[in-house]
Amino acid sequence: MLNTIIEASKNFCVHQIRLPYELHDNVTQMRTVIAYIDIQSIDGTKHRVYIGATPNFAQRISTLLLEERDSDEETLIDMTLETANLIIGSAKVLASESDSESYTMSTPYFEKIDIFDFIYDRAKVLRVEDDEMIIAIKEL
């Protein structure tokens, strides 16, 4: 399931951000804007998908979507929620092509602005220039 979400995240970078990206496993302890979406697989398994964006990554999205160069904290939260919704929604479409990975998704929720200190099963970090976004998943 994480692989499908990572694929959607890469598509987000290619089609929305339009800059090269790197993918790595090193979840750093830096300040991030954190949101999550709960998903339920067709087999009944539940997961929580976390999206943690550095403030500069969230600002990058705000500049793209809202054309704001200096967004306030509330806008950065909204952009992280919107990014989570776009990525997980796109992954849902990709997953629907495989009956075994189909799922339903809840609405995105804001968790906090702080270090990413959650327990998770798997995670990847997507880096665009010096900005990072953590994508992590945990079975509930």
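Described below are features of the structure shown in this document. Just so it is clear, the structure is predicted and the values come from calculations on it, not from any experiment.

Parameters at a glance
- Residues numbered from 1 in each chain as written.
- Predicted model: local features only at pLDDT ≥ 70, side-chain atom pairs only at ≥ 80, totals over all residues.
- Heavy atoms only, no water.
- Helix = DSSP H or I, 4+ residues; strand = E, 2+ residues; numbered from the N terminus.
- Rg over C-alpha atoms; globule rule 2.2 N^0.38 Å.
- Contact = heavy atoms within 4.5 Å.
- Polar contact = N/O pair within 3.5 Å; in protein donor to acceptor, adjacent residues only side chain to side chain.
- Core = buried A, V, L, I, M, F, W, Y, C linked by side-chain atoms within 4.5 Å.
- Buried < 20%, exposed > 50% of the residue type's maximum accessible area, 1.4 Å probe, protein only.
- Phe/Tyr/Trp six-rings, centres within 6.5 Å; stacked < 30°, edge-to-face > 60°.
- Lys NZ or Arg CZ within 6 Å of the ring centre and 35° of its normal.
- Axes fitted to C-alpha atoms, helices over the stretch in contact; angles between N-to-C directions.
- Parallel < 35°, antiparallel > 145°, perpendicular 65-115°, else oblique.
- Nonpolar A, V, L, I, M, F, W, Y, C, P; charged D, E, K, R; others polar.
- Pairing = 2+ DSSP bridges.

Secondary structure summary: the chain contains 3 helices and 7 strands in total. Secondary structure elements of the chain occur, N-terminal to C-terminal, as α-β-β-β-α-α-β-β-β-β. Taken over the C-alpha trace, the chain has a radius of gyration of 14 Å; the compact-globule value for 140 residues is 14 Å, and the two agree within 12%. Across its three principal directions, the C-alpha atoms of the chain cover 45 × 30 × 25 Å.

Here the focus is the environment of Asp-131. Within the secondary structure layout, Asp-131 lies in strand E7 (residues 131-139). Expressed as a C-alpha distance, the spacing of Asp-131 and Ser-96, which sit 35 residues apart in the sequence, is 30 Å. Setting aside chain neighbours within four positions, we find Asp-131 in contact with Thr-54, Asn-56, Phe-57, Arg-60 and Leu-126. A distance of 2.7 Å separates the side chain of Asp-131 from the side chain of Arg-60, its partner in a polar contact.

Residues Ile-5, Ile-17, Val-49, Phe-57, Ile-87, Ile-88 and Ile-135 are the most contacted members of the largest nonpolar core, which totals 28 residues. Put simply, the parts of the chain that give this core at least two residues each are helix H1 (2-17), strand E2 (31-41), strand E3 (46-53), helix H2 (55-66), helix H3 (73-96), strand E6 (122-128) and E7. Each residue touching Val-49, except ones within four places of it in the same chain, is listed here: Ile-5, Ala-35, Tyr-36, Ile-37, Ile-39, Ile-88, Ile-135, Ala-136 and Ile-137. If you look at the next biggest cluster of nonpolar residues, it comprises 10 residues, including Tyr-50, Phe-118, Ala-123 and Val-125.

Turning our eyes to something else, we now look at the packing of aromatic side chains. Each aromatic ring pair is specified by the distance between its two centres and by the angle formed by the two planes. For the coordinates displayed, the defined rule picks out 6 aromatic pairs. With 6.0 Å between their ring centres and 50° between their planes, Phe-116 and Tyr-120 make a pair best called tilted. According to the relative accessible area criterion, Phe-116 is buried, its value standing at 2%. One cation-aromatic arrangement involves Arg-48 over Tyr-36; the distance from NZ or CZ to the ring centre is 4.0 Å. Above the plane of the ring of Phe-118 lies Lys-112, whose end atom (NZ or CZ) is 5.0 Å from the centre.

In this section: the packing of H1 against H2. Two elements in contact, H1 and H2, have axes separated by 11 Å at closest approach and are oriented at 45°. Classed by the angle they form, the pair H1 and H2 counts as oblique. Residues Phe-12, Gln-16 and Ile-17 of H1 form the contact with H2, whose own contacting residues are Phe-57, Arg-60, Ile-61, Leu-64 and Leu-65. Taken together, the residues of the contact of H1 with H2 break down into 6 nonpolar, 1 polar and 1 charged.

The subject of this paragraph is the pairing of E3. A large share of E3 lies buried, amounting to 6 of its 8 residues. Strand direction decides the pairing type here: E2 and E3, joined by 8 bridges, are antiparallel. Counted as the bridge partner of Asp-38 is Arg-48 from E3.

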